[in-house]
Amino acid sequence: MKKTIDIICVGEVLIDFIGHETNTLIENTKDYHRYLGGSPTNVAVNAARLGLKSTLVATCGQDGLGEYIIQKLKKYNVNTFHVRKSQTKPTSVIFVSKSTGTPDFIPYRQSDYRINLNQIPDTLLEKAKIFHTTCFALSKNPARTTILEGAKKAKKLGLQTSIDINFSEIIWPDRKEAIQVLNEYLLNDPLVKVSEDDCYRLFGESKSEKFIFDYFHALGVSTICLTKGKDGVQLSDTNYGVFFQDAIPIKEIKDTTGAGDAFWTGFLYAKLNNKKIDECISIAQKLASIKLQNIGKLPDNIDLNSSLK
């Protein structure tokens with residue numbers, strides 16, 4: 001079958017209410033601005049902005065915020081056919097502090113994890129190249145079962161799987177369960193994106209790069225991309241070895257929310273365009289640096305493809 005979809009993003013769609021005051025904790029934040037959010041949603045939108053064909057599989061509420069989500073996704077040419085509107089649960093929202101570091105957040109989860117098996121039919125998978133999800137999305141059923149089943153089928157059909165291990169104990173308090181579920185997803189040899197902060201939260205303590213790479217490789221993962229903020233990016237690949245790149249210097253970081261999603265979109269975009277590993281990291285870093293200099297989403301008024309060149 002002809003591949004007409006570059007990337008399927010499965011997981012949370014929600015509204016981010018990002019604080020107006022920089023580096024202010026939520027308890028001291030007076031004003032919030034509304035943004036389309038959710039890690040797989042950001043990747044789907046960013047991918048479409050780069051000219052890729054992206055499809056989002058997600059669930060929002062049959063409400064005003066759900067309508068806002070659909071309008072925004074359509075504006076950016078994301079395929080919304082597999083976004084379900086729940087009749088019984090409202091759209092999920094997250095309050096986020098605007099931060100130049102790791103932001104503080106409070107989630108109010110309602111419909112985002114109610115993703116059903118019938119939202120990922122075989123006919124959808126057969127048309128796609130990449131199946132992407134997040135640790136956040138795997139944290140609750142029925143989304144967890146849906147995604148694990150979908151990933152298995154995707155792997156059998158020859159898709160490249162992918163995951164952002166954006167673990168947070170606020171979202172998933174049972175760390176042991178999280179590790180077990182992640183291990184099951186990792187059997188599909190996904191491209192893995194994980195940050196130092198994610199690893200600290202997942203393992204409950206600081207771990208060396210060697211430990212992190214050995215741990216994920218032992219579970220059958222070929223490619224692990226470890227992002228380290230201002231300390232750059234380290235990637236380990238079983239076929240190509242270890243790569244390091246310094247971070248791109250940025251004069252003023254305005255908002256870190258969504259920077260990891262921008263990074264990973266750039267990486268997947270480069271992989272789809274058959275770029276070498278070091279080029280994939282460079283393109284990923286460029287897209288993340290654009291995001292870090294803008295509040296909320298990537299800016300509408302620039303040509304992202306030109307910026308990446």
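Here the structure is a predicted model, which means the values were calculated and not measured. (Residues numbered from 1 in each chain as written. Predicted model: local features only at pLDDT ≥ 70, side-chain atom pairs only at ≥ 80, totals over all residues. Heavy atoms only, no water.)

## Concerning the overall build of the chain
For step 1, the next point in the chain: Looking only at helices and strands, the chain features 11 helices and 13 strands.
For step 2, the next point in the chain: For the chain, the spread of C-alpha atoms along the principal axes amounts to about 50 × 45 × 45 Å.
For step 3, the next point in the chain: Taking all 309 residues of the chain together, 54% fall into the buried category.
For step 4, the next point in the chain: Intrachain contacts of the chain at a sequence separation of at least 6 include 70% that bridge at least 24 residues.
For step 5, the next point in the chain: Taken as a whole, the chain presents about 13500 Å² of accessible surface, with 49% of it coming from carbon and sulfur.
For step 6, the next point in the chain: The positive charge centre, built from 40 side chains, and the negative charge centre, built from 35, are 6 Å apart in the chain. (Helix = DSSP H or I, 4+ residues; strand = E, 2+ residues; numbered from the N terminus. Buried < 20%, exposed > 50% of the residue type's maximum accessible area, 1.4 Å probe, protein only. Contact = heavy atoms within 4.5 Å. Areas by Shrake-Rupley, 256 points an atom, 1.4 Å probe, with all protein chains shown as cover. Lys, Arg positive; Asp, Glu negative; His and termini not counted. Charge placed at Lys NZ, Arg CZ, Asp CG, Glu CD.)

## Focus: the packing of helix α1 (residues 39-49) against helix α9 (residues 259-272)
For step 1, the next point in the chain: One can describe the packing of α1 onto α9 by two numbers: an axis separation of 9 Å at closest approach and a directional angle of 50 degrees. In terms of orientation, α1 lies oblique with respect to α9. Two packed elements cross with a definite hand, and for α1 against α9 that hand is right-handed. Touching Ser39, Asn42, Val43, Asn46 and Ala47 of α1 are Asp261, Ala262, Thr265 and Leu268, all from α9. (Axes fitted to C-alpha atoms, helices over the stretch in contact; angles between N-to-C directions. Parallel < 35°, antiparallel > 145°, perpendicular 65-115°, else oblique. Left-handed = near helix turned anticlockwise from the far one by under 90°.)

## Considering the packing of aromatic side chains
For step 1, the next point in the chain: Scanning all chains against the criterion turns up 9 aromatic pairs.
For step 2, the next point in the chain: On the basis of an interplanar angle of 85 degrees and a centroid distance of 5.1 Å, the ring pair of Tyr32 and Phe95 is categorised as edge-to-face. Pair noted here: Tyr32 is in strand β3 (residues 32-37) and Phe95 is in strand β6 (residues 93-98), with a separation of 63 residues, a long-range link.
For step 3, the next point in the chain: With relative accessibility at 23%, the residue Tyr32 sits in the partly exposed group. (Phe/Tyr/Trp six-rings, centres within 6.5 Å; stacked < 30°, edge-to-face > 60°.)

## Focus: the sheet that holds strand β5 (residues 83-86)
The strands making up a sheet associate through hydrogen bonds between their backbones, and the pairing can be parallel or antiparallel.
For step 1, the next point in the chain: Within the open sheet, the 9 strands sit side by side as β5-β4-β1-β8-β9-β10-β11-β12-β13. Their pairing is mixed. Each of the sheet's edge strands pairs with one partner strand only, and the pair in question is β5 and β13 (241-245). Across the sheet, the mean angle separating the axes of adjacent strands is 15 degrees when strand polarity is ignored.
For step 2, the next point in the chain: The pairing of strand β8 (residues 128-134) with strand β9 (residues 160-164) spans 5 bridges and is parallel. (Pairing = 2+ DSSP bridges.)

## Thoughts on the side chain of Arg109
For step 1, the next point in the chain: Within the element layout of this structure, Arg109 appears in the loop between β7 (105-108) and α3 (122-126).
For step 2, the next point in the chain: Of the polar contacts made by the side chain of Arg109, one reaches the side chain of Asp112; its length is 2.8 Å.
For step 3, the next point in the chain: At 2.8 Å, the side chain of Arg109 forms a polar contact with the side chain of Ser139. (Polar contact = N/O pair within 3.5 Å; in protein donor to acceptor, adjacent residues only side chain to side chain.)

## Describing the nonpolar core
When a protein is soluble and globular, its nonpolar side chains tend to lie buried together.
For step 1, the next point in the chain: Among the nonpolar cores identified, the biggest contains 46 residues, and Leu56 and Leu73 are the most heavily contacted of them.
For step 2, the next point in the chain: Among the secondary structure elements, those contributing two or more residues to this core are β1 (5-10), β2 (14-22), α1, β4 (54-61), α2 (64-75), β12 (233-237), α9 and α10 (277-292).
For step 3, the next point in the chain: Looking at which element gives the most residues to this core, the answer is α10, with 8 residues.
For step 4, the next point in the chain: What Leu73 contacts, discounting residues up to four positions off in sequence, is Leu36, Thr41, Val45, Leu56, Val78, Thr80 and Val83. (Core = buried A, V, L, I, M, F, W, Y, C linked by side-chain atoms within 4.5 Å.)

## Quick word on unusual backbone geometry
For step 1, the next point in the chain: Omega for the peptide link from Asn141 to Pro142 comes to 10 degrees, which places this bond in the cis form.
For step 2, the next point in the chain: Along the polypeptide, Pro142 turns up in the loop between α4 (135-138) and α5 (143-156).
For step 3, the next point in the chain: The phi dihedral of Asp189 is positive, around 50 degrees, even though this residue is not glycine.
For step 4, the next point in the chain: For Asp189, the location among the structural elements is in the loop between α6 (175-186) and β10 (191-195).
For step 5, the next point in the chain: Phi angles above zero are rare outside glycine, and Asn274 is one such case at about 55 degrees.

## Observations regarding the side chain of Glu12
For step 1, the next point in the chain: Counting through the fold element by element, Glu12 comes out in the loop between β1 and β2.
For step 2, the next point in the chain: Despite its burial, Glu12 remains without a salt bridge, the nearest opposite charge being carried by Arg109 at 6.1 Å.
For step 3, the next point in the chain: Among the polar contacts made by the side chain of Glu12, one reaches the main-chain amide nitrogen of Ser39 at a distance of 3.3 Å.
For step 4, the next point in the chain: Here Thr134 takes part through its side chain, which lies 3.0 Å from a polar atom of the side chain of Glu12.
For step 5, the next point in the chain: Residues contacting Glu12, with those up to four places away along its chain left out, are Gly37, Gly38, Ser39, Pro40, Thr41, Asp112, Thr134, Phe136, Ala137 and Asn166. (Salt bridge = Lys/Arg side-chain N within 4 Å of Asp/Glu carboxyl O.)

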